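Structural overview
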Amino acid sequence: MSPDEFPSLVRTHVIQDGVMYEWCAGTVIDERHVLSSARCFQLENVTYAVTDRQYGLSAKESETYGQIRDVEDIIIHPSYNATNVLNDVVVLRLSSPLDLQSGISLVNLNDGETCPEAYSMCTMAGWGFISDEGPLSDVPLKVDIPVQPQVNCSTAYSALQYGDDQICAGDDLVGGCQGDSGAPLFCECGGTVYQTGIGSYGKGCSKEGFPGVYSRVSSYLSWIMQVVSGDEGEAQKQQLQLQEEDAPIYFSMYLQKKRRRLQK
């Protein structure tokens, strides 16, 4: 994937004990705001940052991360439900503006409820695992995935109350994986490419019968714009309890893999 193919794509990071770890994907709404998945931002006793550099940094590389901005505010959708993973949307407010002259572009957010249609093809981009057992990708990857009928996800994830504010995409051959939360789903709508979804959850890597689930951008566009404009209204920041069944297991596994790589 070319680094300028999706210029709105950025990477978020967890900072713990002075070490910065790669985390979820996001997209640039404007110079001060990044769109991502709420489930990525529930950890305690850590801070977060955003970088515009699309290619990974290993311990043996001398390259820099490019622009680095601390996350100043984490504005989670007020109806986010960590148990059912509903309304899985967050807007990150950065400590200072990104320099848009460095190759970053603002994302086009979809406002149409009918796009994407079932069986159309869309593209997901992110840094998730390349297989169920890893490793994490050092570079952003893209994959073209088919949009599935809503019933496929409502059946597969019946216990999680899958609904109309979500998009069902991917199949047993192609899809997202662990680490792809927050990854944008880009679809062509009326001849223009928009971000239509935000990577939320799935089961393994393209596991048969379990497509990926994406938060539908158009369902949250009004709220997103309220946050960006500073008129948060219903978009008040929430301090969420860390969910034992969600982030800690993944984060612990992630840190173990990263530490093994850094020790090589």
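For the structure, check the block above.
Summarised in this report is the structure supplied together with it. None of the values given here were measured: they were computed from a predicted structure. (Residues numbered from 1 in each chain as written. Predicted model: local features only at pLDDT ≥ 70, side-chain atom pairs only at ≥ 80, totals over all residues. Heavy atoms only, no water.)

Time to look at the nonpolar core. In this structure, Leu 35, Leu 109, Leu 185 and Ile 224 are the most contacted members of the largest nonpolar core, which totals 34 residues. Per-element accounting of this core gives the leading share, seven residues, to helix α2 (residues 217–229). By size, the runner-up hydrophobic cluster in this structure holds 22 residues, among which are Val 28, Tyr 48, Val 90 and Ile 104. (Core = buried A, V, L, I, M, F, W, Y, C linked by side-chain atoms within 4.5 Å. Buried < 20%, exposed > 50% of the residue type's maximum accessible area, 1.4 Å probe, protein only. Helix = DSSP H or I, 4+ residues; strand = E, 2+ residues; numbered from the N terminus.)

Once that is clear, we can look at the sheet that holds strand β8 (residues 141–146). If you walk across this open sheet you meet the six strands as β8-β7-β10-β11-β12-β9, and the pairing is antiparallel. In this open sheet, the two edge strands, each paired with only one partner strand, are β8 and β9 (166–169). Taking the axes of each pair of neighbouring strands and ignoring which way they run, one obtains an average angle of 35 degrees across the sheet. In the sheet, strand β11 (residues 192–201) pairs with strand β12 (residues 212–216) via four bridges, with the strands oriented antiparallel. Bridging from a neighbouring strand, Tyr 201 pairs with Val 213 of β12. (Pairing = 2+ DSSP bridges. Axes fitted to C-alpha atoms, helices over the stretch in contact; angles between N-to-C directions.)

There is a patch of like negative charges on the surface, built from Asp 111, Glu 113, Asp 164 and Asp 165. Considering the arrangement of structural elements, one finds Glu 113 in the loop between β6 (90–94) and β7 (121–126). (Patch = residues over 30% accessible without salt bridge, like charges linked within 9 Å, V, L, I, M, F, W, Y side chains within 5 Å. Areas by Shrake-Rupley, 256 points an atom, 1.4 Å probe, with all protein chains shown as cover. Salt bridge = Lys/Arg side-chain N within 4 Å of Asp/Glu carboxyl O. Lys, Arg positive; Asp, Glu negative; His and termini not counted. Charge placed at Lys NZ, Arg CZ, Asp CG, Glu CD.)

Among the 12 residues of strand β2 (residues 19–30), 10 are classified as buried, and the element is accordingly described as predominantly covered. Where strand β1 (residues 9–16) lies against β2, seven bridges are found, and the strand directions are antiparallel. Among the inter-strand pairings, Arg 11 is bridged to a residue of β2, identified as Ala 25. Counting the residues that bridge the hairpin from β1 to β2 gives two residues, and of these Asp 17 lies at a positive phi of roughly 55 degrees. Where β2 lies against strand β3 (residues 33–36), three bridges are found, and the strand directions are antiparallel.

Applying the stated criterion to the full structure yields four aromatic pairs. One aromatic cluster is present, built from ring pairs that chain together Tyr 157, Tyr 201 and Phe 210. The ring of Phe 210 carries the charged tip of Lys 203 above its face, separated from the ring centre by 4.4 Å. (Phe/Tyr/Trp six-rings, centres within 6.5 Å; stacked < 30°, edge-to-face > 60°. Lys NZ or Arg CZ within 6 Å of the ring centre and 35° of its normal.)

Quick look at the side chain of Gln 166 now. Looking at where Gln 166 falls in the secondary structure, it is placed in strand β9. Within the structure, Gln 166 has its side chain in polar contact with the backbone nitrogen of Gly 163 (distance 2.8 Å). Once residues within four sequence positions are removed from consideration, Gln 166 is found in contact with Val 85, Leu 86, Gln 150, Gln 161, Tyr 201, Val 213, Tyr 214 and Arg 216. (Polar contact = N/O pair within 3.5 Å; in protein donor to acceptor, adjacent residues only side chain to side chain. Contact = heavy atoms within 4.5 Å.)

Oppositely charged side chains can form a pair if their charged atoms are brought close together. Applying the stated criterion to the full structure yields three salt bridges. Ionic pairing is found between Arg 32 and Glu 72, a salt bridge with its closest N-O pair at 3.1 Å. With Arg 32 in the loop between β2 and β3 and Glu 72 in strand β5 (residues 68–76), this residue pair connects regions lying 40 residues apart in the sequence. Looking at Arg 32, the relative accessible area reads 26%, which means it is partly exposed. Since its relative accessible area comes to 45%, Glu 72 is described here as partly exposed.

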